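Structural description and commentary
These are the residues of each chain, in order.
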Amino acid sequence: MKKTLLFALIAIVAVACSSRNRSSAVETPLAELYRQRDSLLKHIEKNNLLLTEINERINELDSTARFYTVTTFEVKPALFEHFVEVYGTVGSEKNTLIFPETGGVITSIAVKPGQRVTRGQTLMQLDASILLSSINEVKTQLDLATSVFEKQKRLWEQKVGSEIQYLQAKNNKESLENRLKTLQAQYNQTIVKAPFDGVVDDIFPKVGQLVGPQTQLLRLVNLDNIYIEGEISENYAGLIKPGYIAKVRVPGTDSVYEAKVTSTARFINPSNRTFKIRLELVDKSVRLLPNSLVSIMVKDYENPAALSVPVRVVQQDPAGNDFVLILEKTSTTLGIARKVYIKTGKSYHNHVEVIEGIAPNTLIIDKGSRNVKDGQKVKLVTETDQNA
């Protein structure tokens, strides 16, 4: 039995050796191993690609799959402007408090608040009864003095009478004329007239009230010649010059108007290191109320083809480096978030210019960017889908 097994074992070894010799004649064991490995790698690669496609399709169809949802926007070159923004006030060349030239009791008020008046129009009348009596009295005396003077003049021309009588008559007449002019001027002071065209903004006293030269009677406003004044940092002293176009915005509204710089101060305020500028609105039909607070926006930089993104999508790593998350799409609704470091420039109105790091047409992750990390798979949704 043992001999039989031994002969069988020898036969198997002989066959194996014979087979090995025939195989080695075709290829070496190392080549065979390389061939087998390459074959397996091809199968693995093919299977991995197939597996990836299957997983992506599953992710698209499987409503139970868990992915952070994000929205994106495509960054495109566009005009980016930066403005220096300061507050200013609206003024008017014709915004005046009217005071009386003399004292007296108000006998009548000829206008009402909000009424438009013209230059020279009567606004108020002060009591002038005593002046009117004096004027009438002087007029009567002047008539007599004029008659006497004319008679004395004819007599003097005929060499009749004395020279002193002629001079006295002339002096009396001229004295009464001057007095009448003075009384007339005093009477005119009792009539308060509009110094320019405008609108009566407010009336302070009442009829029957005693007023004096220091009493405010009314406010008269003309909005045809309004201007805006503001204070700008001295850093922009060489930039802002007369003729420069700026923008004026009324706080609390969406109204923005173009304005032209008409003058710049030649003096730097040492307390806050600013200088004053004055502007006028380009559109003269715009009516801003005097003393209104407005925002003055002076442009100091522009790039006609800038890449800018909302400030909300810019993040910082622990070292203080700025980055954004972009989307590498793997399908129509899926993608991978990638961290991209960027270099930023000026920012204005919640947008910042990106100088380096991204190219045009890059998909920037917007909503959801704070919840995902570099390399994480995400699901892309639209604003409508997210709101729904």
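Preceding this section is the structure that the text describes.
In this report, the structure presented in the accompanying data block is examined. (Residues numbered from 1 in each chain as written. Predicted model: local features only at pLDDT ≥ 70, side-chain atom pairs only at ≥ 80, totals over all residues. Heavy atoms only, no water.)

The next subject is a nonpolar patch on the surface. A contiguous nonpolar patch, built from Leu30, Leu33 and Tyr34 and spanning about 330 Å² of accessible area, is present on the exposed surface. Summarising the element assignment, Leu33 is placed in helix α2 (residues 29–61). (Patch = residues over 30% accessible without salt bridge, like charges linked within 9 Å, V, L, I, M, F, W, Y side chains within 5 Å. Areas by Shrake-Rupley, 256 points an atom, 1.4 Å probe, with all protein chains shown as cover. Salt bridge = Lys/Arg side-chain N within 4 Å of Asp/Glu carboxyl O. Helix = DSSP H or I, 4+ residues; strand = E, 2+ residues; numbered from the N terminus.)

To continue, consider the nonpolar core. If you look at the biggest cluster of nonpolar residues, it comprises 21 residues, and the most contacted ones within it are Ile228, Ile232, Ile277, Leu279, Leu281, Leu288 and Ile296. Counting residues per element, the ones that place at least two in this core are β3 (78–98), β10 (218–233), β11 (245–249), β12 (256–264), β13 (274–281) and β14 (293–310). The greatest single-element share of this core, amounting to five residues, is contributed by β10. Other than its neighbours up to four places away in sequence, Leu288 contacts Val90, Leu223, Ile226, Ile228, Val250, Tyr257, Leu281 and Val294. Grouped together as the second largest cluster of nonpolar side chains are 16 residues, Val111, Val117, Leu123 and Met124 included. (Core = buried A, V, L, I, M, F, W, Y, C linked by side-chain atoms within 4.5 Å. Buried < 20%, exposed > 50% of the residue type's maximum accessible area, 1.4 Å probe, protein only. Contact = heavy atoms within 4.5 Å.)

Moving on, we come to the layout of surface pockets. Put simply, the largest pocket is a space of about 250 Å³. Looking at the largest pocket, it is lined by 15 residues, and the ones nearest its centre are Asp201, Val221, Leu223, Leu289 and Pro290. Breaking the lining of the largest pocket down by element, the ones donating at least two residues are β8 (198–203) and β10. Among the elements that make up the lining of the largest pocket, the one with the highest residue count is β10 (five residues). (1 Å grid on protein atoms, 1.4 Å probe; cavity = no way out; pocket = protein on both sides within 12 Å on 5 of 7 lines; lining within 4 Å. Points joined across faces, edges and corners; volume = space filled by probe spheres on them.)

Glancing now at the sheet that holds strand β7 (residues 191–193). Read across the open sheet, the four strands follow the order β7-β6-β4-β9; overall the sheet is antiparallel. Every other strand in the sheet has two partners, leaving β7 and β9 (210–211) as the edge strands with one partner each. In terms of strand pairing, strand β4 (residues 104–109) meets β9 through two bridges, oriented antiparallel. Bridge assignment links Gly104 to a residue of β9, and that residue is Val211. (Pairing = 2+ DSSP bridges.)

Taken as a whole and assessed by the stated rule, the structure comprises four aromatic pairs. Ring geometry for Phe83 against Tyr348: centres 5.4 Å apart, planes inclined by 45°, an arrangement best described as tilted. With Phe83 in strand β3 and Tyr348 in strand β18 (residues 343–348), the pair connects residues that are 265 residues apart, well separated along the chain. For Phe83, a relative accessible area of 9% translates into the label buried. An aromatic cluster is defined as three or more aromatic residues linked by ring pairs; in this entry it consists of Phe149, Trp156 and Tyr166. Of note, Arg278 hangs over the ring of Tyr227, and the distance from its end group to the ring centre comes to 3.7 Å. Here Lys339 stacks its cationic end above the ring of Phe323, 4.7 Å away from the centre of that ring. (Phe/Tyr/Trp six-rings, centres within 6.5 Å; stacked < 30°, edge-to-face > 60°. Lys NZ or Arg CZ within 6 Å of the ring centre and 35° of its normal.)

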